[in-house]
Amino acid sequence: MKIGFIGLGNMGGPMAANLVKAGHRVAGFDLAAPMPEGVTASASAAEAAHEAEIVITMLPNGAILRAVADQVIPAMARGAVLCDCSTVDVDSARAVAEQAAGAGLGALDAPVSGGISGAAAGTLTFMVGGAPEAFDRVRPLFDIMGQKAVHCGASGTGQAAKICNNMILGVTMIATCEAFALADKLGLDRQKMFDVVSTSSGYSWSMNAYCPAPGVGPASPADDGYRPGFASELMLKDLRLSQQAAESADADTPMGELAAALYARFVEQEDGKGRDFSAVLPWIAERRRP
Ligand code: NAD
């Protein structure tokens, strides 16, 4: 298949490389990142999209996605599919899908979970919004780049799934860190705390699979000096997207709002930038009750 790939950074680079390895012809464009081996460099986003049956974008945010869509959509052949895998706001995802449909194109919002290691290993999970026909067209590529693709519904529902998932993740990580900090001050050993909670009703992915306490539970960024992993500023980005969506849908999300405020403080006023999002534990453990 002929594929255009725009945005070949930490995630897009290895995803495009996996498509090439599977035998697809990939034309790539990025403002800065180098082309992975086997990806043909294009001079512009429009050139990468020209003649492609499927165009994949993996970009930093919704504003950039909208700008790239303006260049790419007029260059695409009717019937082709524009598949955005970035994490962006639901409104941008829906606006781009509508613009694509107006030009006779299919469109999907297909954000991913699994991080840089999942992108390299081809084990991402895709959560996908858009028409079933477009989903079926792109599915063989999801199967190469990932291990699971869930069709969530109409345009925007892929992004909705992503930000709801990550809102839960942010909230449970903070709750897990708070509980460790309290346990410390109550004289409860962290390993004992893990042994109890990981098999009791307080368990979660944050505790069981990504434990924020160094030396406790399976290997995680906490065991590597809190090197990301999943950086705190990316968690902040996703929590802010959840709050933007909650506002536009008139949904009350008090815990999500608190989590966004806490990560904003951690990233912007403390030393959270560039550290894994589980580094909230050493920060909160040092604090006293206000
Ligand atoms: P990145 O910054 O490494 O890559 C983005 C790339 O887009 C960069 O190489 C940049 O040069 C390029 N770019 C920016 N503007 C462009 C333009 N106008 N035209 C062409 N290229 C342009 O970021 P990333 O870590 O690869 O993340 C990409 C997306 O995936 C983000 O939306 C992020 O939230 C999401 N995501 C990231 C992870 C992760 O662990 N890194 C996990 C899940 C989802």
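Under an unreviewed UniProt entry, the name given to the chain is 3-hydroxyisobutyrate dehydrogenase, and the organism recorded is Paracoccus halophilus. Listed in UniProt under the heading Catalytic activity (unreviewed entry), the comment for the chain reads: "3-hydroxy-2-methylpropanoate + NAD(+) = 2-methyl-3-oxopropanoate + NADH + H(+)". Check the Sequence similarities (unreviewed entry) section of the UniProt entry for the chain; it says "Belongs to the HIBADH-related family."

Caption draft 1: Spatial organisation of the domain arrangement of the chain. Partitioning the chain into structural domains gives domain 1 (2–154) and domain 2 (160–286). Between domain 1 and domain 2, the residue contacts involve nine residues of the former and 10 residues of the latter. Across the side of domain 1 that touches domain 2, the residue classes break down as four nonpolar, three polar and two charged.

Caption draft 2: Expanded view of the UniProt feature "active site" (unreviewed entry) in the chain. Taking the UniProt record as the reference, the feature "active site" (unreviewed entry) is found at Lys-162. By the C-beta count within 10 Å, which is 28 here, Lys-162 ends up buried.

Caption draft 3: Structural context of the nonpolar core. With 95 residues, the main nonpolar core has Ile-54, Val-55, Val-72, Val-81, Leu-82 and Cys-83 as its most contacted residues. Structurally, this core is a two-domain feature, drawing no fewer than three residues from each of domain 1 (2–154) and domain 2 (160–286).

Caption draft 4: Summary view of the site of the ligand. Around the ligand sit 26 residues, and of these Gly-9, Asn-10, Met-11, Ala-33 and Ser-86 come closest. Looking at the shell around the ligand, the elements with two or more residues in it are α3 (62–72) and α5 (115–121). Ranked by residues supplied to the shell around the ligand, first place goes to α3 with three residues. For the shell around the ligand, the class distribution of residues is 18 nonpolar, seven polar and one charged.

Caption draft 5: Expanded view of unusual backbone geometry. The linkage connecting Pro-228 with the following residue, Gly-229, adopts the cis geometry, with an omega of 20°. The topology assignment puts Gly-229 in the loop between α9 (205–208) and α10 (232–249). Notably, Glu-51 is not glycine yet its phi reads approximately 70°, a positive angle. Positionally, Glu-51 belongs in the loop between α2 (45–49) and β4 (54–57).

Caption draft 6: The pairing of strand β6 (residues 106–109), seen in detail. Of the two faces of β6, the one holding Gly-106 and Leu-108 and the one holding Ala-107 and Asp-109 are both buried throughout. As paired elements, strand β5 (residues 81–84) and β6 share four bridges and run parallel to each other. Directly across from Cys-83, in β6, lies its bridge partner Leu-108. Pairing between β6 and strand β8 (residues 124–130): two bridges, direction antiparallel. Considered in β8, the bridge of Leu-108 is made with Gly-130.

Caption draft 7: Representation of the pairing of β8 in the model. The buried count for β8 comes to six of seven residues, which makes it a mostly enclosed element. Alignment of β8 against strand β9 (residues 146–153), held across six bridges, turns out to be parallel. Following the sheet pairing, Thr-125 is matched in β9 by Lys-148.

Caption draft 8: Layout of α10. Between its terminal C-alpha atoms α10 stretches 26 Å, which fits the 26 Å expected from 18 residues at 1.5 Å a residue. Among the residues of α10, Ser-232, Met-235, Leu-236, Asp-238, Leu-239, Leu-241, Ser-242 and Ala-245 are the ones counted as buried. The inward-facing, buried residues of α10 abut α4 (90–102), α7 (157–185) and α11 (254–268). Within two residues after α10, Asp-250 carries a phi angle of roughly 55°, on the positive side.

Thresholds, definitions, all that
- Residues numbered from 1 in each chain as written.
- Predicted model: local features only at pLDDT ≥ 70, side-chain atom pairs only at ≥ 80, totals over all residues.
- UniProt positions renumbered as here; feature names shortened; annotations may be inferred.
- Domains from an automatic or database assignment.
- Contact = placed C-beta atoms within 7 Å.
- Nonpolar A, V, L, I, M, F, W, Y, C, P; charged D, E, K, R; others polar.
- Buried ≥ 20, exposed ≤ 12 C-beta atoms within 10 Å, placed from the backbone.
- Core = buried A, V, L, I, M, F, W, Y, C linked by C-beta atoms within 7 Å.
- Near = placed C-beta within 6 Å.
- Helix = DSSP H or I, 4+ residues; strand = E, 2+ residues; numbered from the N terminus.
- Pairing = 2+ DSSP bridges.
- Expected span 1.5 Å × (residues − 1).

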